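# Coordinate inspection notes
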Amino acid sequence: MWEYALLLVPLLFAWFAYDAMRVRETAIALARAACERQGLQFLDFTVQGARLRVARNADGQAALRRSYCFEFSDDGSSRRLGTIVMLGADLEALQFEPYRLE
């Protein structure tokens, strides 16, 4: 019985790491596309994990809600903060820090 538990723990860890990497790559692609649509520069080509918690999706099932921060620039010299929230593998929210429109 303990042998199965010892085998299950690394498999669960591997699944969690793979799922986290997959969702992070999706968040990067979504943030980059949103910046392009707004005419902004997506800086550093990455997102940084900020928060992880369990939440319910629209179907009432438990899913992981991951919040990420990213930086963008509106004029090429300033750095502004954006956030993206993923519920499971789906986009839940995307926000840009206010910036000047010209």
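For every chain, the first residue of its written sequence is number 1, and the numbers climb from 1 along that sequence. Predicted model: local features are reported for residues with pLDDT of at least 70 only, side-chain atom pairs are reported and counted for 80 or more only, and whole-chain, interface and lining totals are derived from all residues. Hydrogen atoms and water are omitted, and side-chain values are computed over all heavy atoms in the structure.

### Let's talk about the pairing of strand β3 (residues 80-87)
Worth spelling out the cut-off: For two strands to be treated as a pair, DSSP must find no fewer than two bridges joining them. Put simply, DSSP H or I for four residues or longer makes a helix, DSSP E for two residues or longer makes a strand, and each gets a number counted from the N terminus.
Bridge count for strand β2 (residues 62-73) against β3 is eight bridges, and the pairing is antiparallel. From the neighbouring strand, Arg65 faces β3, where its bridge partner is Leu87. The turn joining β2 and β3, which pair antiparallel and follow one another in sequence, is formed by six residues; a positive phi near 90° is taken by Gly76. Here β3 folds back onto strand β4 (residues 90-96), and the loop between the two strands holds two residues, one of which, Gly88, carries a positive phi near 70°.

### Quick notes on a nonpolar patch on the surface
Which entries qualify depends on this criterion: A patch is a set of surface residues, each over 30% in relative accessible area and not in a salt bridge, joined within 9 Å for like charges and within 5 Å for the nonpolar side chains Val, Leu, Ile, Met, Phe, Trp and Tyr. Throughout, the Shrake-Rupley method with a 1.4 Å probe supplies accessible areas, and for residues the shown protein chains are the sole cover considered. The salt bridge definition used is simple: a Lys or Arg side-chain nitrogen within 4 Å of an Asp or Glu carboxyl oxygen. Classification of residues uses two cut-offs on accessible area relative to the type maximum, computed with a 1.4 Å probe and protein chains only: under 20% is buried, over 50% is exposed, and between them is partly exposed.
On the surface, Trp15, Phe16 and Leu52 cluster together into a nonpolar patch covering about 320 Å² of accessible area. Looking at the element boundaries, Phe16 is found in helix α1 (residues 2-38). Phe16 gets classed as partly exposed once you look at its relative accessible area, which sits at 32%.

### Some details on the packing of aromatic side chains
The geometry of two aromatic rings is summed up by the distance between their centres and the angle between their planes. Operational definition: Under the pairing criterion, centres of Phe, Tyr and Trp rings, with the six-membered ring standing for Trp, must be within 6.5 Å; the plane angle then separates stacked pairs below 30 degrees from edge-to-face pairs above 60, leaving the rest tilted.
Scanning all chains against the criterion turns up six aromatic pairs. On the numbers, 5.8 Å between centres and 80° between planes, the contact of Phe72 with Tyr99 is edge-to-face. In this pair, Phe72 is assigned in strand β2 and Tyr99 in the segment after β4, connecting sequence segments 27 residues apart. Judged by relative accessible area, Phe72 falls into the buried class, the value being 0%.

### Regarding α1
Stated formally: The span you would expect from a helix comes to 1.5 Å times its residue count less one.
Taking 1.5 Å of rise per residue, the 37 residues of α1 would be expected to cover 54 Å, and the 54 Å separating its terminal C-alpha atoms lies within 8% of that figure. If you check which residues of α1 are buried, you get Asp19, Val23, Ala27, Ile28, Ala31, Ala34 and Cys35. Taken from the residues just after α1, Gly39 is the one with a positive phi, measuring 75°.

### Topic: the environment of Ser73
Applicable threshold: It only takes one pair of heavy atoms within 4.5 Å for two residues to be counted as in contact. Here a polar contact is recorded for every N or O atom pair within 3.5 Å, except that within protein the pair must consist of a potential hydrogen donor and a potential acceptor, and residues adjacent in sequence are included only if both atoms are side-chain atoms.
Position of Ser73 among the secondary structure elements: in strand β2. Measuring from C-alpha to C-alpha, the distance between Ser73 and Leu43 comes to 6.9 Å, with 30 residues separating the pair along the chain. Residues in contact with Ser73, not counting those within four places in the same chain, are Leu40, Gln41, Leu43 and Ser78. A distance of 3.5 Å separates a polar side-chain atom of Ser73 from the backbone nitrogen of Asp75.

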